[in-house]
Amino acid sequence: MTTTAPDAEATASCKELENRFAALSPPTRLYIDGRQADALGGAEFDRVSPRDGRVVARVSAGDAEDVDVAVVSARRAFDSGRWSGRPPRRRRAVLQRLARLVEEHAEELALLESVDMGKPYTDALAVDIRVTVQTLDFYAEAVDKSYDEVAPTGRDTLATITREPLGVVGAVVPWNFPLMMAVWKIAPALAVGNAVVLKPAEQSPLTALRLAELATEAGVPDGILNVVTGFGPTAGAALGRHPGVDAITFTGSGEVGRLFLHHAADSNLKQVSLELGGKSPQIVLPDAPDLRAVAKAVAGGVFFNQGEVCSAGSRLLVHRSVKDELLALVVDAARRNVVGDPLDPRTTVGALVGEEHLERVLRHVHGATADGAQVVLGGSRVLERTGGCYVEPTIFDRVAPSMAIAREEVFGPVLSVLTFEDTDEAVRIANGTDYGLAAAVWTRDLSTAHRMAGAVRAGTVWVNCFDESDLTVPFGGYAQSGFGRDKSLHALEKYTQLKTTWIKL
Ligand code: NAP
Ligand code: MG
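Every value quoted in this text rests on a predicted model; they were computed, and no experiment measured them.

Student: Just to check I follow, could you spell out the packing of aromatic side chains for this structure?
Tutor: For any pair of aromatic rings, the description consists of the separation of the ring centres together with the inter-plane angle of the planes. Counted by the stated rule, this structure contains seven aromatic pairs. With 5.2 Å between their ring centres and 40° between their planes, Phe-250 and Phe-260 make a pair best called tilted. Placement of the pair is Phe-250 in strand 10 (residues 247-251) and Phe-260 in helix 9 (residues 254-266), with a sequence separation of ten residues. Comparing Phe-250 with Phe-260, the two get one shared label, buried.

See below:
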């Protein structure tokens with residue numbers, strides 16, 4: 001694994017991307033009512049790139065008063081009907097234009113994302129930006145092809161059941177897939193006619209601000225998409241408490257998700273949907289087809305995006321009889337990763353989002369060692385001289401289900417390996433955390449696969465694959481991984497309310 005020798009071509013490519021970034025001057029101020037604005041209090045914060053610890057931008061730090069201005073603007077825009085009142089096909093056209101603009105600016109957006117939060121530029125382009133475009137297209141396409149209902153009430157009545165937008169939606173998102181997760185929320189919310197106030201994570205505000213500009217260029221009316229950058233406990237909480245916000249759609253930690261439920265209860269009972277963390281198990285039975293392919297999927301499933309993935313397959317649950325063989329293959333696959341500069345085209349594992357998070361990840365690693373788990377790969381910070389936040393892919397063997405490393409979300413490149421004797425035990429361990437976001441089962445036996453998919457408590461279960469997905473399927477959690485779904489037509493349910501109109505004929 002790991003860090004690479006200098007290579008002229010790769011160095012030139014990094015330099016070229018660095019120069020392009022330097023030439024960008026991305027927007028850094030709040031985006032309210034179709035234009036940039038300073039925070040009313042004038043506060044700003046530094047964006048430190050985890051690539052090398054350098055400050056790459058100073059961004060406005062919005063507070064409660066800015067959130068209020070944004071919400072008032074969103075409310076005014078919503079009530080005016082200049083978006084919600086348009087025929088769906090015209091909203092479709094605007095969102096499709098936005099999709100094309102994101103496509104045209106793909107390299108710029110990928111670069112902003114990569115430098116801001118540390119993921120490999122190549123992944124930002126191939127995954128984040130590509131899925132962002134697909135998401136915009138999907139909801140644009142959906143909105144003028146969704147019909148409402150007529151209830152079977154009998155001849156003397158006409159009762160219609162129609163879906164109406166909620167009004168003002170507050171979206172609060174994390175830093176691991178900043179643009180993509182924002183758009184998983186914004187696209188369906190806008191498609192059905194809502195106005196949105198988005199609060200990106202403090203670690204990754206740049207693409208959200210650029211998206212808002214592109215939205216205006218695409219024809220999204222002023223006030224329909226607002227972005228308030230700033231900190232969670234100030235701007236985020238103000239959005240959660242605001243009486244003018246009709247719904248909060250949140251992705252992030254369980255701890256903060258809970259706060260939004262409190263905020264809703266303490267204010268206007270706004271709807272809240274939560275996409276929270278996970279501790280996804282990959283369950284490997286002795287008859288799994290092709291252990292080499294399993295190993296590749298296990299390593300990919302936990303080290304992709306530096307392990308900063310809510311559905312990361314951070315627990316390998318393997319039948320005792322194939323453990324040694326599989327573990328050797330997983331270690332081998334993990335070693336093929338290249339940890340390094342997110343702008344280096346050879347990098348597969350970039351920088352963790354920041355120092356504070358890196359320390360949290362290392363605390364988990366040290367805790368696991370103290371608890372008796374055995375490091376078989378990695379376990380350390382690397383490339384410290386770069387000033388960046390790099391941790392090597394790490395694998396723990398001999399993990400017991402009761403250990404913290406088997407139960408708590410690390411959100412870093414750390415895999416725990418546990419063994420089981422039979423499928424009942426596998427399911428028991430799989431379901432033995434507070435989470436229930438995703439899981440995978442590897443077996444040739446169709447009946448076993450189907451039975452286990454039913455028994456594992458998770459919003460998504462993959463069979464003989466991991467992380468497969470597209471816009472047509474919902475994504476979200478069971479248990480403390482949250483409620484409400486992103487993606488697919490089901491996401492539209494979060495951004496609409498049902499109206500019954502009963503007409504006596
Ligand atoms: P986080 O700390 O919960 O932050 C998420 C968002 O909430 C950020 O915009 C943050 O703003 C804001 N926030 C923080 N404190 C707040 C408060 N007191 N009131 C209101 N808002 C507040 O999570 P994170 O560290 O960014 O992201 C990692 C977590 O997200 C992990 O637990 C991961 O599993 C989860 N996640 C889940 C999914 C999913 O789909 N289920 C996807 C991705 C991530 P600031 O950062 O600016 O303070
Ligand atoms: Mg945070």
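From this point, the narrative continues.
Student: Can you help me understand the sheet that holds strand 17 (residues 394-397) in this one?
Tutor: Strand pairing in a sheet relies on backbone hydrogen bonds, with the paired strands running either antiparallel or parallel. Read across the sheet, seven strands follow the order 14-17-18-13-12-19-20 without closing on themselves; strand pairing throughout is mixed. For this open sheet the edge positions go to strand 14 (374-377) and strand 20 (460-463), each flanked by a neighbour on one side alone. Across the sheet, the axes of successive neighbouring strands diverge by a mean angle of 25°, strand direction being ignored. Of the strand pairs in this sheet, strand 12 (residues 281-284) and strand 19 (residues 438-442) are connected by three bridges, and their pairing is parallel. In the sheet register, Ile-283 faces strand 19, and the bridge partner there is Val-441. Helix 14 (residues 423-430) rests against strand 12, strand 13 (315-319) and strand 18 (414-420) of the sheet, and its axis sits at about 145° to strand 18.

Student: Can you help me understand the packing of helix 1 (residues 8-22) against helix 4 (residues 106-117) in this one?
Tutor: Interhelical geometry of helix 1 versus helix 4 gives an angle of 95° and a closest axis separation of 10 Å. In terms of orientation, helix 1 and helix 4 fall into the roughly perpendicular class. Mapping the contact onto sequence places Leu-17, Arg-20 and Phe-21 in helix 1 and Glu-107, Leu-111, Leu-112 and Val-115 in helix 4. Of the residues in the contact of helix 1 with helix 4, the class split is five nonpolar, no polar and two charged.

Student: Explain the state of the cysteines here, please?
Tutor: Note on terminology: a disulfide is the covalent bond linking the sulfur atoms of two cysteines. All told, the structure shown has zero disulfides when counted by the stated rule. Cys-389 carries a free sulfur, and the closest cysteine sulfur to it, the one in Cys-14, is 17 Å from it. Judged by relative accessible area, which is 2%, Cys-389 ranks as buried.

Student: Explain the site of ligand 1 here, please?
Tutor: What surrounds ligand 1 is a group of 32 residues, the closest being Lys-199, Glu-202, Ser-253, Leu-276 and Glu-409. Measuring from an oxygen atom of ligand 1, one finds a side-chain N or O atom of Lys-199 at 2.7 Å. In the environment of ligand 1, an oxygen atom lies 3.4 Å from a nitrogen or oxygen atom belonging to the side chain of Gln-203. Protein burial of ligand 1: of its 900 Å² of free accessible surface, 90% is covered by the chains. No other element matches helix 8 (residues 232-241), which puts four residues into the shell around ligand 1.

Student: Would you mind showing me how to read a nonpolar patch on the surface here?
Tutor: There is a patch of nonpolar side chains on the surface, built from Val-150, Leu-158, Ile-503 and Leu-505 and spanning about 370 Å² of accessible area. Counting through the fold element by element, Leu-158 comes out in strand 6 (residues 157-165). Judged by relative accessible area, which is 32%, Leu-158 ranks as partly exposed.

Student: Please clarify how the sheet that holds strand 22 (residues 496-504) should be interpreted in this entry.
Tutor: Spatially, three strands are ordered 5-6-22 in an open sheet, and the strand pairing comes out antiparallel. What marks the edges here is a single partner per strand, and that holds for strand 5 (149-150) and strand 22. Where strand 5 lies against strand 6, two bridges are found, and the strand directions are antiparallel. Looking across to strand 6, one finds that Val-150 is bridged to Thr-160.

Student: Looking at this structure, I do not really get the side chain of Asn-226. What am I missing?
Tutor: Topologically, Asn-226 is positioned in strand 9 (residues 225-227). Polar contacts involving the side chain of Asn-226 include one to the main-chain carbonyl oxygen of Gly-223, which spans 2.9 Å. Filtering out sequence-adjacent residues up to four positions away, Asn-226 remains in contact with Tyr-31, Ile-32, Asp-33, Ala-70, Ser-73, Ala-74, Val-196, Val-197 and Leu-198.

Criteria and thresholds
Residues numbered from 1 in each chain as written. Chains lettered and ligands numbered in written order. Predicted model: local features only at pLDDT ≥ 70, side-chain atom pairs only at ≥ 80, totals over all residues. Heavy atoms only, no water. Phe/Tyr/Trp six-rings, centres within 6.5 Å; stacked < 30°, edge-to-face > 60°. Helix = DSSP H or I, 4+ residues; strand = E, 2+ residues; numbered from the N terminus. Buried < 20%, exposed > 50% of the residue type's maximum accessible area, 1.4 Å probe, protein only. Pairing = 2+ DSSP bridges. Axes fitted to C-alpha atoms, helices over the stretch in contact; angles between N-to-C directions. Contact = heavy atoms within 4.5 Å. Parallel < 35°, antiparallel > 145°, perpendicular 65-115°, else oblique. Nonpolar A, V, L, I, M, F, W, Y, C, P; charged D, E, K, R; others polar. Disulfide = S-S within 2.5 Å. Near = heavy atom within 4 Å. Polar contact = N/O pair within 3.5 Å; in protein donor to acceptor, adjacent residues only side chain to side chain. Areas by Shrake-Rupley, 256 points an atom, 1.4 Å probe, with all protein chains shown as cover. Patch = residues over 30% accessible without salt bridge, like charges linked within 9 Å, V, L, I, M, F, W, Y side chains within 5 Å. Salt bridge = Lys/Arg side-chain N within 4 Å of Asp/Glu carboxyl O.

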